[in-house]
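Listed below are the residues making up each chain.
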Amino acid sequence: MMNAGKLFIILGIVLVVIGLIWTFIGRLPGDISFKKGNFSFHFPIMTSIVVSIILTLIFYIMGKFR
């Protein structure tokens, strides 16, 4: 079993990588944005699809190595 220190280091690195990637894919073409007056609405549909595909691939690869 992995000790807590290594787990937190790996979790921190993963979160930093996700944060860096998220800045690049935060507003892809296909995302719905609506702004009128002081109201704005943003629905990241294309970003959600891309994240879903990436997570599916990651979990598929992890499942193959189990």
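What comes next is a walk through the structure. Since we're looking at a predicted model, the values are computed, not measured. (Residues numbered from 1 in each chain as written. Predicted model: local features only at pLDDT ≥ 70, side-chain atom pairs only at ≥ 80, totals over all residues. Heavy atoms only, no water.)

## Focus on the overall build of the protein chain
Across its full length, the protein chain holds 2 helices and 2 strands. N-terminal to C-terminal, the α/β element order of the protein chain is α-β-β-α. The C-alpha radius of gyration of the protein chain comes to 17 Å, more than 25% above the 11 Å expected for a compact globule of 66 residues. Each principal axis of the C-alpha distribution contributes one length, and for the protein chain these read about 55 × 25 × 15 Å. Considering the protein chain as a whole, with its 66 residues, one finds that 5% of them fall into the buried category. (Helix = DSSP H or I, 4+ residues; strand = E, 2+ residues; numbered from the N terminus. Rg over C-alpha atoms; globule rule 2.2 N^0.38 Å. Buried < 20%, exposed > 50% of the residue type's maximum accessible area, 1.4 Å probe, protein only.)

## Here we look at the side chain of D31
You can see D31 is positioned in the loop between α1 (4-25) and β1 (32-36). From its side chain, D31 meets the backbone nitrogen of M46 in a polar contact 3.0 Å long. A polar side-chain atom of D31 sits 2.9 Å from a polar atom in the side chain of T47. (Polar contact = N/O pair within 3.5 Å; in protein donor to acceptor, adjacent residues only side chain to side chain.)

## Topic: the layout of surface pockets
Approximately 250 Å³ is the volume found for the largest pocket. Looking at the largest pocket, it is lined by 10 residues, and the ones nearest its centre are I18, I21, I54, L55 and I58. Among the elements of the structure, α1 and α2 (45-64) are those that each provide at least two residues to the lining of the largest pocket. Considering each element in turn, the lining of the largest pocket owes the most residues, 6 residues, to α1. (1 Å grid on protein atoms, 1.4 Å probe; cavity = no way out; pocket = protein on both sides within 12 Å on 5 of 7 lines; lining within 4 Å. Points joined across faces, edges and corners; volume = space filled by probe spheres on them.)

## Let's talk about the pairing of strand β2 (residues 39-43)
In terms of strand pairing, β1 meets β2 through 5 bridges, oriented antiparallel. Bridging across to β2, I32 finds its partner in F43. As consecutive antiparallel partners, β1 and β2 are separated by 2 residues, and within that stretch G37 has a phi angle of approximately 65°, a positive value. (Pairing = 2+ DSSP bridges.)

## A word on the environment of W22
Residue placement: W22 occurs in helix α1. W22 gets classed as partly exposed once you look at its relative accessible area, which sits at 44%. Sequence-wise, W22 and G37 are 15 residues apart; in three dimensions their C-alpha atoms are separated by 27 Å. Discounting chain neighbours no more than four positions away, the residues touching W22 are T47 and V51. (Contact = heavy atoms within 4.5 Å.)

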